[in-house]
Amino acid sequence: MSFSTYPYQRPELEQYEKAFRQALQLFATASNYSEAKKALNQLNQLRSEIATNAKLAYIRHSINTNDSFYRAENDFWDHHQPLIDQLHNEFYEKLLDSAFEVELKQEFPETLFLYAEDQLRLLNDAVVSLKQQENETISQYTQLIASAQLEFQGQTLTLSELAAFFTATDRSVRKAAHKVYEAFFVAHEEDFDTIFDRLVQLRHQQAQQLGFENYVEYGDRLMNRWSYDRKQLQSFRQFIIEVVVPINQKLYQRQKDRLQLKDFYHYDLPLVFPTGNAQPKGDDLVQKAQQMYHELSPETGDFFEQMIDQELLDLSSRPGKQSGGYCEFIDGLQMPFIFANFNGTSDDVDVLTHETGHAFQSYLSRWIEETELVFPTSDTAEIHSMSMEFLTWPWMEKFFPHERVKYQFAHLSGALQFLPYGALVDHFQEEVYLHPSWSPEERKQCWRKLEQSYCPERNYQESDALARGLYWYRQGHIFEVPFYYIDYTLAQVCALQFWQRRIVTEDPTVWEDYLAICRIGGTKTFLETVSYGHLASPFDYDKMTELLNIASDYLADISEVELK
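The structure presented is a predicted model; accordingly, all values stated were derived computationally and were not measured.

Thresholds, definitions, all that
- Residue positions are given per chain, counting from 1 as you read along its sequence in written order.
- In keeping with the model being predicted, local features are shown solely for residues with a pLDDT of at least 70 and side-chain atom pairs are shown and tallied solely at 80 or more, while totals for entire chains, interfaces and linings include all residues.
- By convention in this description, side-chain values take in all heavy atoms of the structure and omit both hydrogens and water.
- A run of H or I in DSSP becomes a helix once it reaches four residues, and a run of E becomes a strand once it reaches two; helices and strands are each numbered from the N terminus.
- Here the globule rule reads 2.2 Å times residues to the power 0.38, and the radius of gyration is calculated from C-alpha atoms.
- A simple rule labels every residue: compare its accessible area, found with a 1.4 Å probe on the protein chains alone, to the largest value its type can have, and call it buried under 20%, exposed over 50%, or partly exposed in between.
- Contacts are assigned to residue pairs with any non-hydrogen atoms lying within 4.5 Å of each other.
- All accessible-area figures derive from a Shrake-Rupley calculation using a 1.4 Å probe, and residue coverage is judged against the displayed protein chains alone.
- Charge convention: Lys and Arg are scored as positive, Asp and Glu as negative, and His as well as the terminal groups of each chain are ignored.
- Where a charge lies is defined by one atom per residue type, namely NZ (Lys), CZ (Arg), CG (Asp) and CD (Glu).
- For this analysis, a ring pair means two rings from Phe, Tyr or Trp (six-membered ring only for Trp) whose centres lie within 6.5 Å, classed as stacked if their planes differ by under 30 degrees, edge-to-face if by over 60, and tilted for the remaining angles.
- Charges are assigned to positions over rings by a cutoff of 6 Å between ring centre and Lys NZ or Arg CZ, combined with an angular limit of 35 degrees from the ring normal.
- To estimate how far a helix should reach, multiply one less than its number of residues by 1.5 Å.
- Salt-bridge detection follows one rule: a side-chain nitrogen of Lys or Arg within 4 Å of a carboxyl oxygen of Asp or Glu.
- Pairs of strands are assigned from DSSP output, requiring at least two bridges between the strands.
- Convention adopted: a line fitted to C-alpha atoms gives each axis, helices being fitted over their contacting stretch, and angles between N-to-C directions are expressed from 0 to 180 degrees.
- Should an angle lie under 35 degrees it is considered roughly parallel, over 145 roughly antiparallel, and from 65 to 115 roughly perpendicular; all remaining angles are considered oblique.
- By definition, turning the near helix anticlockwise from the far helix through less than a right angle yields a left-handed crossing, and turning it clockwise yields a right-handed one.
- By the convention adopted, Pro, Cys, Tyr, Trp, Phe, Met, Ile, Leu, Val and Ala count as nonpolar, Lys, Arg, Asp and Glu as charged, and the other residues, Gly among them, as polar.

(A) Broad picture of the overall build of the chain. Along its length, the chain carries 24 helices and 5 strands. Over its C-alpha trace the chain gives a radius of gyration of 24 Å, about what one expects of a compact globule, namely 24 Å for 564 residues. With the C-alpha coordinates aligned to their principal axes, the bounding extent of the chain is approximately 75 × 55 × 50 Å. For the chain, buried positions account for 60% of its 564 residues. Residue pairs at least 24 apart in sequence account for 75% of intrachain contacts in the chain once pairs closer than 6 positions are excluded. Looking at the chain as shown, the accessible area adds up to about 22,700 Å², and 48% of this sits on carbon and sulfur atoms. The centroid of the 50 positive side-chain charges in the chain is displaced by 4 Å from the centroid of its 85 negative side-chain charges.

(B) Inspection of unusual backbone geometry at higher detail. A positive phi angle, near 70°, is found at His402, a position not held by glycine. Along the chain, His402 turns up in the loop between α16 (396-399) and α17 (404-434).

(C) Up close: the packing of aromatic side chains. If you walk through the whole model with that rule in mind, you get 60 aromatic pairs. Ring geometry for Phe428 against Trp472: centres 5.1 Å apart, planes inclined by 45°, an arrangement best described as tilted. You can see Phe428 sitting in helix α17 and its partner Trp472 sitting in the loop between α19 (464-467) and α20 (476-480), a full 44 residues away along the chain. Just as Phe428 is buried, Trp472 falls in that class too. Here Lys105 stacks its cationic end above the ring of Phe113, 5.4 Å away from the centre of that ring. Above the face of the Tyr471 ring, Arg458 is positioned so that its terminal group lies 4.4 Å from the ring centre.

(D) Expanded view of helix α14 (residues 347-364). Taking 1.5 Å as the rise per residue, α14 with 18 residues should run 26 Å; its terminal C-alpha atoms sit 26 Å apart, in good agreement. With 16 of 18 residues buried, α14 lies mostly within the body of the structure.

(E) Layout of the environment of Val561. Position of Val561 among the secondary structure elements: in the segment after α24 (541-556). We classify Val561 as exposed; its relative accessible area is 66%. As a C-alpha pair, Val561 and Gln445 span 116 residues in sequence and 42 Å in three-dimensional space.

(F) Molecular detail of the pattern of salt bridges. This structure, assessed with the given rule, holds 37 salt bridges. With its nearest N and O atoms 3.0 Å apart, the salt bridge here joins Glu462 to Lys175. With Glu462 in the loop between α18 (440-454) and α19 and Lys175 in helix α8 (residues 171-187), this pair connects stretches of sequence that are 287 residues apart. The salt bridge partner of Arg448 is Glu451, with a shortest N-O separation of 3.0 Å. One end of the pair, Arg448, and the other, Glu451, are both in helix α18, 3 residues apart, so they sit about a helical turn from each other. We classify Glu451 as buried; its relative accessible area is 0%. The network of salt bridges with common partners includes Asp220, Arg225, Arg230, Arg237, Asp426, Glu430 and Asp487.

(G) Just the sheet that holds strand β5 (residues 335-342), in detail. With respect to topology, 3 strands assemble into an open sheet ordered β3-β5-β4, the strand pairing being mixed. Both outer strands of the open sheet, β3 (313-316) and β4 (326-330), are each paired with one neighbouring strand and no more. With strand direction ignored, the average angle separating the axes of adjacent strands in the sheet is 15°. Strand direction decides the pairing type here: β3 and β5, joined by 3 bridges, are parallel. By the bridge assignment for β5, Leu313 is matched with Ile338. The strands touched by helix α13 (residues 298-309) within the sheet are β3 and β5, with β5 carrying the most contacts at an inclination of about 70°. Of the strands in this sheet, β3, β4 and β5 are in contact with α14, which crosses β5 at around 170°.

(H) Highlighting the packing of helix α2 (residues 33-63) against helix α3 (residues 68-96). Relative to each other, α2 and α3 sit at 160°, their axes nearing to 9 Å. It follows that α2 is roughly antiparallel to α3 by the angle criterion. Considering how the two elements wind past one another, α2 and α3 form a crossing that is left-handed. Residues Leu40, Leu43, Arg47, Ile50, Asn53, Ala54, Ala57, Arg60 and His61 of α2 form the contact with α3, whose own contacting residues are Tyr70, Arg71, Glu73, Asn74, Trp77, Gln81, Ile84, His88, Phe91 and Tyr92. Grouping the amino acids of the contact of α2 with α3 by side-chain chemistry returns 10 nonpolar, 5 polar and 4 charged.

(I) Layout of the environment of Val493. Looking at the element boundaries, Val493 is found in helix α21 (residues 486-504). With a relative accessible area of 1%, Val493 lands in the buried category. Put simply, Val493 and Leu535 are 42 residues apart on the chain and 9.6 Å apart in space, counted from C-alpha to C-alpha. Setting aside residues no more than four positions away along its own chain, Val493 makes contact with Phe236, Leu419, Pro538, Met544, Leu547 and Leu548.

(J) Region of interest: the packing of α13 against α14. Taken N-terminus to C-terminus, the directions of α13 and α14 make an angle of 100°; their axes are 11 Å apart at the nearest point. On the basis of the axis angle, α13 is roughly perpendicular to α14. Where α13 abuts α14, its residues Glu299, Thr300, Phe303, Phe304, Gln306 and Met307 lie against Thr356, Ala359, Phe360 and Tyr363. Tallied by class, residues from the contact of α13 with α14 come to 6 nonpolar, 3 polar and 1 charged.

Below, the structure written as structure tokens:
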């Protein structure tokens, strides 16, 4: 069955609750383990069915936020998902209190029980209303971003489409494109401030109601950080400042020299090469990816064929479509869905390989019956996606004929240059939620101050808006999924290890290790998964320093002649 024909049905919640409680009663009163397991399987099936409809509504709304039917369905789920989550918490209570705890823990992964403990700590009747309001406020942000219709060079463009002009070789064009882009956020500055202030207050209230000291503590619990803590994250951020930022400043100086610019402004940063960044050739990226994945492995080839056959990719940018990209696993189809906003730049290839990494992992983890464990925690999940970007390097000639070296240089440079920004987003959120009474101006001042430490290359001399600290408005994670962003940085240094093993040392075991960590889904913690893939911990300062220096040296060995 294809995605377009897969039926969506808003659940009758009274009927669902009745069926769920009946299965839960059977689980709680089972006289033997066989009966308990049978009831548990029934509960998994019920949860899978309702998750399927929730995900269908989300995907179809994000594809077209102007669709009145799915906008209403999105509103329905914003309001009712916390109520459903609270009902599911009754299952977690019974799971942790089961008379068959020993047998359950022998057969089911420890992460299921860790997840149950977190859910019970994060949600109760006292915060359901706050959760509903938070969901509704997040939707206001996504709809505001999706509403952007920007006039540029005689065209009406979305934010994603306009961003394609950021890499124009004509400096006046990229400067003008940035100005129009920023103007949207300035025009809606009060709206963004109001939405975010509302989110901060709602989240702080949730944390307070549930006995957390602040939302930082709550947020880390929400992200299921089972194998490390915030102090380790703070140390990792400091490592990035001490080790990665200096490496990046050399890369930016090299870029400035390459572009032959006296002044290096914020609108110059996206253009890596004076002759233009590498651009994918042709409009058949999916067909090229199809060929690539057949050559990469039998598993990826079969998987990608199914993605195409079942219409599980929506990649083009258009008015009313939600911004960004994501992958969602549709339980009922037992297949993932990839969402993106292509704009004709090399980002299209990055996004396609990135989201395919997520999708392939969930495809290999379909054997897991617990819907919350098909995808692992986000720190682990991003290893799969970011590593796929590098594991497909040998096929980049398909997408960038005659520009492969340019693409790979920019891609690896971008991976290093992303690390400080990812840490910046986390540090900013930490400060914001430690100071929930801050005014919008204080938040902007905080962002700009931290930005100068993590990203000192950003020269906003020609942008009053960015100099005031408005850049973070465009980072949807800050509004939608707080404390997610640091997970990208943890995963990035894991992905760089896969890059090193495949490209630098040509390790023949690298693909099997990647398959291995994809197959286990969310059945292991982050650091357990890292070890399972024969990777070093991101918190090992010495090994991470060595890794980053290897990447820096690799880039230094690529001559400017090769980049022309």
